[in-house]
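# Inside the fold
Residues per chain, in single letters:
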Amino acid sequence: FDFQRNYFRPHIDEVSEPLTIVKYDLEISGFGSQSLGHVCLLNLKDQEYPGSEGTKTKGWPTWTTPVMRWAKEQGGVTGYAHSASGLEIQPAAAAKRLITQLDADKDGRLTADEYGRGLLPEAIAKIDEDRDGQLSESELVASIDRVADQLPNLAVPEMNGVGAMEICVTTALGVCDFISAMDTPRIQEWNMWYHILNCGFPLKVSGETDFPCMSSTRVGQGRVYVQLGKVDRLDFAAWCDGLRRGRSYVSDGYAHTLEFTVNGQSPGFEDVKLDSPGTVQVEARVAFALQT
């Protein structure tokens, strides 16, 4: 932060070209609000959080909500970086947490009265392998391990990393625009995103390459392509707004969604609304490139 802030500008960098632009913004990493996740703050006009005096040691909150709100107030677009860092499923730890949370009589097993108060990864019939009407820690471990690779799944992660730890709160408060993907384990990234969508929050998704920290393979392993129409010059603010609205798709650069519509409506423009449950028409035109 101390080094990169020397290059910060409220506008795109001078090295930019009409169709290739560089903008220095900010990832909260290594200081301040990183405790509940690293956040990406795009299209910033001001990089100095109020009270920080331009340093990384003063004034920064220890959670992400106020920092995201500050970014949004200056026209920024916000999201979480390397989102699955901390969302990985650890069956033994998750099972122990469930026992600790729900085992009222502390006998190391969950009765019907006890497990009825919690969120379990599977139906009771699948978890209770010995059919004794109680759930042991080993049965919970096996259940969590079974669902860990499913999408979506109900195995609650430890939420103890530097990814999208506070995303459920900031999304509900309207200060988070996107979740980053393709830089950390995919199932965990998508699982968090799917659950938020299923709760009725239209959270968007962005591609990410945290190079070389999270991945040293190549820049651009996770990308987001934003629909801007035919333009002779890129507008960074318009690009960020397109990402915020979801006029975009995520790819590794080898597969492309050239067109995608639901009932004739493209993503990020208008909602598709039904008066009652029914069938929708999905049309897509995609392109693939072969790796050599």
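Structure report, in brief. Not measured: the values here are computed from a predicted model.

## Examining the packing of aromatic side chains
One pass over the full model with this rule turns up 10 aromatic pairs. Look at Tyr-49 and Trp-60: their rings are 5.3 Å apart centre to centre, the planes differ by 25 degrees, and that puts the pair in the stacked class. Residue Tyr-49 is found in the loop between strand S2 (39-42) and helix H1 (65-73), and its partner Trp-60 is found in the loop between S2 and H1; the two are separated by 11 residues along the sequence. By the burial criterion, Tyr-49 is buried, and Trp-60 matches it. Note on Trp-193 and Tyr-194: the rings are 5.9 Å apart at their centroids and 40 degrees apart in plane angle, and the pair reads as tilted. Taking relative accessible area as the criterion, Trp-193 reaches 16% and is therefore assigned buried. By relative accessible area, Tyr-194 is classed as partly exposed at 30%. Each member of the aromatic cluster is reached from another via a ring pair, and the members are Phe-1, Tyr-49, Trp-60 and Trp-70. Cation over ring: Arg-247 sits above Phe-269, and NZ or CZ is 4.0 Å from the ring centre.

## Topic: the environment of Glu-158
In this structure, Glu-158 sits in the loop between helix H5 (137-147) and helix H6 (167-172). Taking the C-alpha atoms as reference points, Glu-158 and Ala-93, separated by 65 residues in sequence, lie 7.7 Å from one another. The residues touching Glu-158, leaving out its near neighbours within four places in the chain, are Gly-86, Glu-88, Gln-90, Ala-93, Ala-94 and Arg-97. Here Arg-97 takes part through its side chain, which lies 2.7 Å from a polar atom of the side chain of Glu-158.

## Things to note about the sheet that holds S2
The strand order S1-S2-S3-S6-S7 describes an open sheet built from five strands, whose pairing is mixed. Looking at the sheet topology across the chains shown, the edges are occupied by strand S1 (26-27) and strand S7 (204-207). Relative to S7, strand S6 (residues 178-181) runs parallel, the two being bridged by four bridges. The residue of S7 that forms the bridge with Ser-180 is Ser-206. Sitting on the sheet, helix H7 (residues 186-198) touches S6 and S7, and the angle it makes with S6 is about 160 degrees.

## A closer look at the packing of helix H2 (residues 91-102) against H5
Running from N to C, H2 and H5 cross one another at 130 degrees; their axes reach a closest spacing of 8 Å. Viewed along their axes, H2 and H5 adopt a mutual orientation that is oblique. Crossing geometry of H2 relative to H5 is assigned as right-handed. Contacts between H2 and H5 pair Pro-91, Ala-92, Ala-94, Ala-95, Lys-96, Leu-98 and Ile-99 from the former with Glu-137, Leu-140, Val-141, Ile-144 and Asp-145 from the latter. Its residues assigned to classes, the contact of H2 with H5 comprises nine nonpolar, no polar and three charged.

## Focus on unusual backbone geometry
Residue Leu-151 is joined to Pro-152 through a cis peptide bond whose omega torsion reads -15 degrees. The peptide bond linking Phe-211 to Pro-212 adopts the cis configuration, its omega dihedral lying at 0 degrees. On the secondary structure map, Pro-212 appears in the loop between S7 and strand S8 (223-226). Residues other than glycine seldom take positive phi values, yet Arg-131 does so here, at roughly 55 degrees. With respect to the secondary-structure elements, Arg-131 resides in the loop between helix H4 (124-127) and strand S5 (135-136).

## With respect to the nonpolar core
Ranked by size, the top nonpolar core spans 31 residues in total, and within it Ile-28, Leu-41, Trp-60, Ile-167 and Ile-179 carry the most contacts. For this core, the secondary structure elements donating two or more residues are S2, H1, S6 and H7. For Leu-41, the residues in contact, after removing those within four places along its chain, are Asp-25, Leu-26, Ile-28, Val-67, Trp-70, Ala-71, Val-77 and Thr-78.

## A few points about the pattern of salt bridges
In total, this model carries 13 salt bridges according to the counting rule given. The partner of Lys-72 in a salt bridge is Asp-177, and the shortest N-O contact between them spans 2.9 Å. Highlighted residues: Lys-72 in helix H1 and Asp-177 in the loop between H6 and S6, separated in sequence by 105 residues. Owing to a relative accessible area of 9%, Asp-177 belongs among the buried residues under this scheme. Because the salt bridges share partners, they merge into one network encompassing Arg-109, Asp-130 and Asp-132.

## Details of the environment of Gly-200
For Gly-200, the location among the structural elements is in the loop between H7 and S7. Distance from Gly-200 to Ala-172, taken between C-alpha atoms, is 9.6 Å for residues 28 residues apart in sequence.

Cut-off values and rules
Going along each chain's sequence as written, the residues are numbered from 1 onward. Given that the model is predicted, a residue must reach a pLDDT of at least 70 before its local features are reported, and side-chain atom pairs must reach 80 or more before they are shown or counted; all residues, however, enter totals for whole chains, interfaces and linings. Side-chain measures were taken over the full set of non-hydrogen atoms in the model, leaving aside hydrogen atoms and water. Paired rings are identified among Phe, Tyr and Trp, the last through its six-membered ring, by centres lying within 6.5 Å, and are further divided according to the angle between planes into stacked (under 30 degrees), edge-to-face (over 60) and tilted (the rest). A helix here means a DSSP run of H or I that spans at least four residues, while a strand means a run of E at least two residues long, and both kinds are numbered starting from the N terminus. Partly exposed describes any residue whose relative accessible area lies between the buried limit of under 20% and the exposed limit of over 50%, with all areas from a 1.4 Å probe on protein chains only and scaled to the type maximum. By the criterion adopted, a ring carries a charge over it if an Arg CZ or a Lys NZ lies within 6 Å of its centre and within 35 degrees of its normal. In this description, contact between two residues means that some pair of their heavy atoms is separated by no more than 4.5 Å. Counting of polar contacts relies on pairs of N or O atoms within 3.5 Å, with two restrictions inside protein: one atom must be capable of donating a hydrogen and the other of accepting it, and residues adjacent in sequence are counted only when both atoms are side-chain atoms. Strand pairing is assigned whenever DSSP detects at least two bridges linking the two strands. Angles shown run from 0 to 180 degrees and are taken between the N-to-C directions of axes, each axis being a line fitted to C-alpha atoms and, for helices, limited to the stretch in contact. Note on angle classes: values under 35 degrees are labelled roughly parallel, values over 145 roughly antiparallel, values of 65 to 115 roughly perpendicular, and the remainder oblique. For a crossing to be left-handed, the near helix must be turned anticlockwise from the far one by less than a right angle; the clockwise case is right-handed. Here the nonpolar group is Ala, Val, Leu, Ile, Met, Phe, Trp, Tyr, Cys and Pro; Asp, Glu, Lys and Arg are the charged ones; every other residue, Gly included, is treated as polar. Take the buried residues of types Ala, Val, Leu, Ile, Met, Phe, Trp, Tyr and Cys, join any two whose side-chain atoms come within 4.5 Å, and each joined set is a nonpolar core. Salt bridges are counted wherever a side-chain nitrogen of Lys or Arg sits within 4 Å of a carboxyl oxygen of Asp or Glu.

These results come straight from atomic positions and should not be treated as a statement about function.
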